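A look at the structure
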Amino acid sequence: MLGVVVASHGALLDLGARFHLLDDANAAGGLTGALRRRMLRLIAHVVDGGAQGLLLTCSSYGEVVDTARTLWDVPVLKSDESLFKSALSGPYRRIAVVASTPPAVPAAVAQLEALAPAVRPDRPVDIVTALCEAAADAGPEEAARLLADALRAAGGTDTDAVLLAQYSLTPVRDALAALLGVPVLDGAGAAARELRALLTPAGAPVVTP
């Protein structure tokens with residue numbers, strides 16, 4: 001939908017550069033003070049509008065969630081926090097994090113390292129990362145191949161599981177798993193399950209799709 005709007009404005013209006021609220025940390029080269037303030041305003045807007053829970057779907061804004069949790073009582077989830085907790089709880093010794101946008105890599109590693117002592121205090125975890133920006137513009141099959149090549153180049157051939165550091169990479173999950181022969185985990189489903197659990201009243205039946 002956004003693409004249609006931008007294209008129409010470009011064709012009909014000559015107003016110079018266009019601005020929209022999906023400009024993000026990738027374009028800025030990292031999370032800036034202005035981006036933090038903008039996201040907090042957006043969170044305030046939806047919470048004031050009656051939202052009972054909130055999921056930020058960009059991994060680069062993880063630290064904004066930490067601030068939001070001190071300001072509002074509703075559940076506010078980081079994009080991949082549920083995924084990371086699930087992965088760390090699993091049997092995986094060496095975990096790979098793959099991404100197609102640079103800010104996603106340090107954000108994901110920081111969350112994994114922060115969660116590890118609480119989730120698996122007696123089991124160390126080895127993290128390997130792979131970045132392939134070309135995968136962002138490729139179709140699922142090609143993106144999977146590019147990410148697999150990047151992971152092999154990074155020395156990640158012996159990983160036990162692969163985590164997709166961006167929701168936008170979810171379509172490559174099955175193809176990447178087939179190429180690597182290990183589980184490839186995405187954050188969207190894990191986050192949905194945790195948010196549902198947080199919002200389901202105690203004792204109410206939970207329907208699993």
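Throughout what follows, the structure given in this document is the object of discussion.

Regarding the packing of helix 7 (residues 140–153) against helix 8 (residues 173–180)
Running from N to C, helix 7 and helix 8 cross one another at 45 degrees; their axes reach a closest spacing of 8 Å. On the basis of their axis angle, the class for helix 7 and helix 8 is oblique. Where helix 7 crosses over helix 8, the two elements pack in a sense that is right-handed. Facing Pro-140, Glu-141, Ala-144, Arg-145, Leu-147, Ala-148, Leu-151 and Arg-152 of helix 7, the residues of helix 8 in contact are Ala-175, Leu-176, Leu-179 and Leu-180. Each residue belonging to the contact of helix 7 with helix 8 can be placed in one class, and the counts come to nine nonpolar, no polar and three charged.

Description of the nonpolar core
Residues Val-98, Leu-147, Leu-151, Val-162, Leu-164, Val-172 and Leu-176 are the most contacted members of the largest nonpolar core, which totals 21 residues. Among the secondary structure elements, those contributing two or more residues to this core are strand 3 (94–99), strand 4 (126–131), helix 7, strand 5 (161–164) and helix 8. In this structure, Val-98 is in contact with Ala-130, Leu-147, Leu-151, Val-162, Leu-163, Leu-164, Ala-165, Leu-169 and Leu-176, ignoring residues within four places of it in sequence. Core analysis: the second largest hydrophobic core is formed by 18 residues, Val-105, Ala-108, Ala-116 and Leu-163 among them.

Concerning the pairing of strand 3
The element strand 3 is extensively covered by neighbouring structure, given that six of its six residues are classed as buried. Here strand 3 shows a buried face lined by Arg-94, Ala-96 and Val-98 and a second buried face lined by Ile-95, Val-97 and Ala-99. Note that strand 3 and strand 4 share six bridges and pair parallel. When the bridges of strand 4 are listed, Ala-99 appears paired with Leu-131. Between the parallel pair strand 3 and strand 4, the chain is carried across by helix 6 (residues 104–119), and the sense of this crossover is right-handed. In the sheet, strand 3 pairs with strand 5 via four bridges, with the strands oriented parallel.

Looking at the packing of helix 5 (residues 81–89) against helix 6
Packed helices, taken two at a time, are described by the angle between their axes plus the distance between the axes. Contact geometry for helix 5 and helix 6: axes closest at 9 Å, N-to-C directions at 50 degrees. Here helix 5 lies oblique to helix 6, going by the angle between them. The two elements helix 5 and helix 6 cross, and the hand of that crossing is right-handed. For the pair helix 5 and helix 6, contact is made by Glu-81, Phe-84, Lys-85, Leu-88 and Ser-89 and by Ala-108, Gln-111, Leu-112, Leu-115, Ala-116 and Val-119, respectively. Of the residues assigned to the contact of helix 5 with helix 6, the class counts are seven nonpolar, two polar and two charged.

Some points on the pattern of salt bridges
Close approach of charged atoms allows side chains with opposite charge to pair. Per the stated rule, a full pass over the model turns up 11 salt bridges. Note that Asp-149 is salt-bridged to Arg-145, the shortest N-O span being 2.9 Å. Of this pair, Asp-149 and Arg-145 both sit in helix 7, four residues apart, which is roughly one turn of that helix. A network of salt bridges, in which partner residues are shared, links Glu-142, Arg-145, Asp-149 and Arg-152.

The rules behind the values
- In this numbering scheme, every chain counts its residues from 1 along its sequence in written order.
- Local features are withheld for residues below a pLDDT of 70 in this predicted model, meaning they are given only at 70 or higher, and side-chain atom pairs are given and counted only at 80 or more; totals for whole chains, interfaces and linings count all residues.
- The side-chain numbers reported here are obtained from all heavy atoms of the structure, hydrogens and water having been left aside.
- Axis definition: a line fit to C-alpha positions, over the contact stretch in the case of helices; interaxial angles, taken between N-to-C directions, run 0 to 180 degrees.
- For the purposes of this entry, the term helix denotes a DSSP run of H or I that reaches at least four residues, the term strand denotes a run of E that reaches at least two, and both are numbered from the N terminus.
- Convention used here: angles under 35 degrees read as roughly parallel, angles over 145 as roughly antiparallel, angles from 65 to 115 as roughly perpendicular, and any remaining angle as oblique.
- Take the far helix as the reference: if the near one is turned anticlockwise from it by less than a right angle, the crossing is left-handed, and if turned clockwise, right-handed.
- Throughout, a residue-residue contact means that at least one pair of heavy atoms, one from each residue, lies within 4.5 Å.
- For this scheme, ten residues count as nonpolar: Ala, Val, Leu, Ile, Met, Phe, Trp, Tyr, Cys and Pro. Four count as charged, namely Asp, Glu, Lys and Arg, and the remainder, Gly too, count as polar.
- We call a set of buried residues a nonpolar core when its members are Ala, Val, Leu, Ile, Met, Phe, Trp, Tyr or Cys and they connect through side-chain atoms within 4.5 Å of each other.
- Relative accessible area decides the class of each residue, using a 1.4 Å probe on protein chains only: under 20% of the type maximum gives buried, over 50% gives exposed, and in between gives partly exposed.
- For two strands to be treated as a pair, DSSP must find at least two bridges joining them.
- Handedness is read with the strands pointing away from the viewer; a crossover is right-handed when the path from the first strand over the helix to the second is clockwise.
- The salt bridge definition used is simple: a Lys or Arg side-chain nitrogen within 4 Å of an Asp or Glu carboxyl oxygen.

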